[in-house]
Amino acid sequence: MISTATTLAGSNFDNCMMNASGVYCMDSDELLAVENSKAATFVTKSGTLQPRKGNPEPRYFETEFGSINSMGLPNNGVDYYLDFVSQDQINHPGKTYFLSITGFNLAEDLELLQKVTDSDFAGVVELNLSCPNVPGKPQTGYDFETVDAILKAVFDVYHKPLGVKLPPYFDIIHFDQMAEILNKYPLSYVNSINSIGNGLYINDDTETVVIKPKQGFGGIGGEYVKPTALANVHAFYQRLNKDIQIIGTGGIQTGKDIFEHILCGASMVQVGTALMVEGPVIFERLTAELEAIMAEKGYDNIEDFRGKLNYL
Ligand code: RRO
């Protein structure tokens, strides 16, 4: 019997796939659509202390090989997501959900975590350190000292399962330096990667950009980013303590893409652009495709091949 089940942050999941934060998770209708699909669970849109409208539209555009977005962190506020998940936990006892949060500074991160502590939330917190699209706010994940200071303060006050969503890194020394910081803390997981920040896609017929915010600059997702995502997953798999697990995100369109993320060391995977394109029904196809590859290769479960990438 082939199983795509996994264990992450101390919880068991009957499948290793879920949505990526930002896709199908803005409100209760979208979250319920993922809930009722073949996905193992869902993660919410990154919640801030106050609801936000985000950047002006158009702010998301699909291209031949992926997507560009500059949503600007639109969300209903962390209280909305906490209320929704707390109710969903009651409706689905035993199921574990992910709550994504992001503050604009350390004090806000701590205030968000205090809200989580004061609530009935029993799932996993994903602290987003990598939003590329808020004008004037650099991606925290590229400021190594700040990441260290945030994690120190976070784990002084928060002692339940928590992972971080990281931006992609592009240099071996940056993998080394970031892993050294991450290894100091009791993280449940790291999630690599967020979109590749500040790309530019243009329409050469009209000679214009395709999204309105930031003169067209935005985060790139989809097929373009898979090699970068696999590199980040594997670089952290090679460097992190084995009790820090990895969620692989980036460029997943097929079961083969998921197989590759797991081969690089991911214990769970998230689907962004392709979920946006196909909708939550995608998880049926992805599960069937991954199972078919596992059957062909004689693997019964994902631990049979997780992290077992060969080198030349
Ligand atoms: O809302 C966004 O613009 C956004 C966020 Br918070 C993020 O983490 N990644 C992304 O591509 N877009």
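The structure this text deals with has already been given above.
Below is a short write-up of the structure. Note that the structure is predicted; figures quoted are calculated from it, not measured.

So, on to the overall build of the protein chain. Helix and strand content of the protein chain: 9 helices and 15 strands. A compact globule built from 312 residues would reach a C-alpha radius of gyration of about 20 Å, and the protein chain, at 18 Å, matches this within 12%. Counting across all 312 residues of the protein chain, residues that qualify as buried make up 55%. Intrachain contacts of the protein chain at a sequence separation of at least 6 include 74% that bridge at least 24 residues. A total accessible area of about 13,600 Å² is found for the protein chain, and carbon and sulfur atoms account for 52% of it. Between the mean site of the 22 positive side-chain charges and the mean site of the 39 negative ones, the protein chain shows a separation of 3 Å.

Turning our eyes to something else, we now look at the pairing of strand β9 (residues 189-192). Taking every second residue as pointing to the same face, both faces of β9 are buried, with Y189 and N191 on one and V190 and S192 on the other. Sheet topology note: the strand β8 (residues 162-166)/β9 ladder contains 4 bridges and is parallel. Counterpart to V164 in the pairing with β9 is V190. On the question of chirality, the crossover connecting β8 to the parallel β9 by way of helix α5 (residues 172-182) is right-handed.

In this structure, V164, L182, L187, V190, F236 and I258 are the most contacted members of the largest nonpolar core, which totals 69 residues. Not counting chain neighbours up to four residues away, the residues in contact with F236 comprise L166, Y169, F175, M178, A179, L182, V190, S192 and I246. The next biggest cluster of nonpolar side chains, apart from the first, holds 11 residues, and it includes L8, F13, A40 and Y189.

What counts and what doesn't
- Residues numbered from 1 in each chain as written.
- Predicted model: local features only at pLDDT ≥ 70, side-chain atom pairs only at ≥ 80, totals over all residues.
- Heavy atoms only, no water.
- Helix = DSSP H or I, 4+ residues; strand = E, 2+ residues; numbered from the N terminus.
- Rg over C-alpha atoms; globule rule 2.2 N^0.38 Å.
- Buried < 20%, exposed > 50% of the residue type's maximum accessible area, 1.4 Å probe, protein only.
- Contact = heavy atoms within 4.5 Å.
- Areas by Shrake-Rupley, 256 points an atom, 1.4 Å probe, with all protein chains shown as cover.
- Lys, Arg positive; Asp, Glu negative; His and termini not counted.
- Charge placed at Lys NZ, Arg CZ, Asp CG, Glu CD.
- Pairing = 2+ DSSP bridges.
- Right-handed = clockwise from strand over helix to strand, strands pointing away.
- Core = buried A, V, L, I, M, F, W, Y, C linked by side-chain atoms within 4.5 Å.

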